[in-house]
Each structure stands twice: as C-alpha cells, then as structure tokens.
Amino acid sequence: MIRRFGAPRVNGRDYVLRPGAYAILARGSELLLTFQSDPFNEFQLPGGGIDPGETPLAALHREVMEETGWKIAQPRRLGAFRKFTYMPEYDKWAEKICHIYHALPVRQISDPTEPDHQAVWTSSITASRILHNDGDRHFVARYAQSGL
C-alpha cells in the first residue's frame, strides 16, 4: 500500500493515473528546489510526469533538467506516495503516484527551460516548511533525519 497525502479520493470523480518522478537534490546542507509561478506560486521538488514509454529514471533526468537546468547523477529511489489532485494545466483530476529519489546535482547546464520555473537553493529545514506538497515535505524531513 502506498501512503496517501492530501485529500482522499472522491467517489464518482474520474481520475487519470499520472505517475511521476521527483528528486531530493542535495549539495552540502542545501537542497535544490523548483519554484513554479504558474498556475500557482509553489515550491516543489524538481520532477514531473512520466511520459508513455518513458522509464521513471529517464523522466527524472528530463524533468530535473527542464525545471532547474541541472544534470544529476546516482539517483536512488527512496519511496513513493499517492496524491489525488486537480491539475489545472491539463484540466483533469489526477491520481498522482509520486516516486521520490535522492540524486546528486552534478552541474548546471542552463537556466530552466520549463516556463515559469526557477531553480532555488535552500536548507532542508526551510524546504520542509515551504514545499507546497505534504508528500514532498514528508520525504525531505525523512531525508534530513536520515543524515544521508
């Protein structure tokens, strides 16, 4: 059973299954987050949806690059969580299965190419307070406690 964060499933509502891959990217005592300003102002773990035919790791590398401009290395899966949410950019309700990884940020290649995204470095303590998603905050807090 995958732990759920946020609102429960609403009976009678159609949800599209949307798996995604997201990363905790640490450099020293700081974490690399993405700030998305549209459709809402939100701090998020870098990552996103896994496209049809794409592996979770390929999606993770692609999404981190799009949202932060950083190349990553040595991704290691930490776990997953489920979230039922409305995705305004797609005008759909989704059951998101969020696979969380820890990876090393290797090098910044470019600015983010994803519109309305900005790469932000912050402490894990601050990240665990400002991340929009309960599941992201949970995994960051668990990561910080583990001392990885």
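Please refer to the structure placed before this passage.
Just so it is clear, the model here is predicted, and its values are computed rather than measured.

Student: Describe the packing of aromatic side chains, and please don't skip the residues or the numbers.
Tutor: Summed over all chains, the structure comprises seven aromatic pairs. An angle of 85 degrees between the planes, with centres 5.4 Å apart, marks the rings of Phe-5 and Phe-81 as edge-to-face. Separated by 76 residues along the polypeptide, Phe-5 in the segment before strand 1 (16–27) and Phe-81 in strand 5 (residues 70–87) bring together distant segments of the chain. Taken individually, Phe-5 and Phe-81 each receive the classification buried, so the pair is uniform in this respect. Each member of the aromatic cluster is reached from another via a ring pair, and the members are Tyr-15, Phe-84, Tyr-86 and Trp-93. Above the face of the Trp-93 ring, Arg-13 is positioned so that its terminal group lies 3.6 Å from the ring centre.

Student: How would you summarise the side chain of Thr-34 if you had to cite specific residues and measurements?
Tutor: Within the element layout of this structure, Thr-34 appears in strand 2 (residues 30–36). Among the polar contacts listed, one links the side chain of Thr-34 to the backbone oxygen of Glu-67, at a separation of 3.4 Å. Not counting the four nearest positions on each side in its chain, Thr-34 is found in contact with Glu-42, Phe-43, Gln-44, Leu-45, Pro-46, Glu-67, Thr-68, His-117 and Gln-118.

Student: Summarise the environment of Ala-103; cite the residues concerned and give the values.
Tutor: Take Ala-103: it is sitting in strand 6 (residues 92–108). Setting aside residues up to four positions removed in sequence, Ala-103 forms contacts with Ile-24, Leu-25, Ala-26, Ile-72, Ala-73, Gln-74 and Pro-75.

Student: Tell me about the pattern of salt bridges, residues and numbers included.
Tutor: Evaluation of the coordinates by the stated rule reveals eight salt bridges. A salt bridge links Arg-9 to Glu-95, with the nearest nitrogen and oxygen atoms 3.3 Å apart. With a gap of 86 residues between them, Arg-9 in the segment before strand 1 and Glu-95 in strand 6 connect regions that are remote in the sequence. Between Glu-95 and Arg-82 there is a salt bridge, with the nearest N and O atoms lying 2.6 Å from each other. Taken together, the residues span a long stretch of sequence, with Glu-95 in strand 6 and Arg-82 in strand 5 at a distance of 13 residues. Linked by salt bridges that have partners in common, Asp-51, Glu-54, Arg-62, Glu-63 and Glu-66 make up one network.

Student: So what's going on with the environment of Thr-68? Residues and values would help.
Tutor: Residue placement: Thr-68 occurs in helix 1 (residues 56–68). Residues Thr-68 and Ala-119, 51 residues apart in the sequence, show an inter-C-alpha distance of 4.7 Å. With sequence-adjacent residues up to four places away left out, Thr-68 is seen in contact with Leu-32, Leu-33, Thr-34, Pro-46, Gln-108, Ser-110, Pro-112 and Ala-119. Engagement of the side chain of Thr-68 in a polar contact is seen with the backbone oxygen of Val-64, the distance being 2.6 Å.

Student: I'd like a rundown of helix 1, residues and numbers included.
Tutor: Along an α-helix, a turn takes 3.6 residues, which lines up residues three or four apart on a common side. Relative to the 18 Å expected for 13 residues at 1.5 Å per residue, helix 1 spans 18 Å between its end C-alpha atoms, a close match to the ideal helical length. Ala-59, Leu-60, Glu-63, Val-64, Glu-67 and Thr-68 are the residues of helix 1 that are buried. Down the axis of helix 1, the smallest arc covering the buried residues is 125 degrees, so these residues share one side. Buried residues in helix 1 make contact with strand 1, strand 2, strand 4 (47–49), strand 5, strand 6 and strand 7 (117–123). Taken from the residues just after helix 1, Gly-69 is the one with a positive phi, measuring 85 degrees.

Conventions adopted
- Residues numbered from 1 in each chain as written.
- Predicted model: local features only at pLDDT ≥ 70, side-chain atom pairs only at ≥ 80, totals over all residues.
- Heavy atoms only, no water.
- Phe/Tyr/Trp six-rings, centres within 6.5 Å; stacked < 30°, edge-to-face > 60°.
- Helix = DSSP H or I, 4+ residues; strand = E, 2+ residues; numbered from the N terminus.
- Buried < 20%, exposed > 50% of the residue type's maximum accessible area, 1.4 Å probe, protein only.
- Lys NZ or Arg CZ within 6 Å of the ring centre and 35° of its normal.
- Polar contact = N/O pair within 3.5 Å; in protein donor to acceptor, adjacent residues only side chain to side chain.
- Contact = heavy atoms within 4.5 Å.
- Salt bridge = Lys/Arg side-chain N within 4 Å of Asp/Glu carboxyl O.
- Expected span 1.5 Å × (residues − 1).
- Arc of directions from axis to C-beta.

This is a description of form; function is not addressed.
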